[in-house]
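A look at the structure
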Amino acid sequence: MGPDDLPTLELAFPGPERDRGVAAILNGRKTALTGLLEIFEHAGEAVPTTGQRFSVLDSEGRRAVVIELVDVRVVPMKEIDDDFARAEGRGYSDVTQWRAAHEEFFRSDGVRAFLGRTPVIDDDTLVVAERFRVVEPDAPGTP
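Quick summary incoming for the structure in this document.

**As for the pattern of salt bridges**
The final tally for this structure, using the stated rule, is 15 salt bridges. The salt bridge involving Asp-58 is made with Arg-62; its shortest N-O contact spans 3.1 Å. What makes Asp-58 buried here is its relative accessible area of 11%. Within the structure, one salt-bridge network assembled from shared partners comprises Arg-99, Glu-103, Arg-107 and Asp-123.

Printed below as a string of structure tokens:
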């Protein structure tokens with residue numbers, strides 16, 4: 001299966017947040033990502049599985065990099081640790097910073113609009129914690 005045949009992955013929403021995430025993957029700082037399980041369920045999407053590959057898209061909808069998932073867990077937010085938080089590549093020094101940023105995003109206008117309501121975010125909120133490796137970095141602007 002070539003990169004054009006892979007499912008796509010879009011970080012956050014198009015714009016600066018997505019661009020920073022893609023850049024962090026490309027420079028090797030980002031090796032983990034977190035999704036709200038409720039978003040997967042609402043979208044009718046299956047939780048990704050270990051070994052699955054994705055073409056990560058930039059804000060322009062172009063493939064920026066191909067990643068392969070090396071670990072996928074559905075866990076309550078309270079089980080995320082400092083190591084995972086740092087692996088997100090967003091400059092979090094610990095899980096407290098990770099948690100604040102993710103609570104803010106999961107309660108954002110974009111997520112509320114998608115779900116049709118504000119999700120309940122607490123220690124027991126289930127998240128999809130994914131670790132990945134870069135398989136194929138693409139040249140900028142590759143369609």
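**What to know about helix 4 (residues 95-106)**
Across its twelve residues, helix 4 extends 16 Å between first and last C-alpha, which sits within 8% of the 16 Å expected from 1.5 Å per residue. Looking at helix 4, one finds that the buried residues are Trp-98, Arg-99, His-102, Glu-103 and Phe-106. Along helix 4, the residues classed as buried sweep out an arc of 125° about the axis, all on the same side. Exposed residues pointing more than 90 degrees away from the buried face of helix 4 are listed as Thr-96 and Glu-104. In this structure, the buried side of helix 4 is in contact with strand 2 (32-36), helix 3 (82-87), helix 5 (109-115) and strand 5 (126-137). Near the N-terminus of helix 4, the side chain that reaches the backbone nitrogen of Thr-96, with its oxygen 3.1 Å away, is that of Asp-94.

**So, the pairing of strand 5**
The pairing of strand 2 with strand 5 spans five bridges and is classified as antiparallel. By the bridge assignment, Thr-34 is partnered in strand 5 with Ala-129. Pairing analysis gives eleven bridges linking strand 4 (residues 63-76) to strand 5, with the strands arranged antiparallel. Note that in strand 5 the partner of Val-65 across the bridge is Pro-137.

Rules used in this analysis
- Residues numbered from 1 in each chain as written.
- Predicted model: local features only at pLDDT ≥ 70, side-chain atom pairs only at ≥ 80, totals over all residues.
- Heavy atoms only, no water.
- Salt bridge = Lys/Arg side-chain N within 4 Å of Asp/Glu carboxyl O.
- Buried < 20%, exposed > 50% of the residue type's maximum accessible area, 1.4 Å probe, protein only.
- Helix = DSSP H or I, 4+ residues; strand = E, 2+ residues; numbered from the N terminus.
- Expected span 1.5 Å × (residues − 1).
- Arc of directions from axis to C-beta.
- Contact = heavy atoms within 4.5 Å.
- Polar contact = N/O pair within 3.5 Å; in protein donor to acceptor, adjacent residues only side chain to side chain.
- Pairing = 2+ DSSP bridges.

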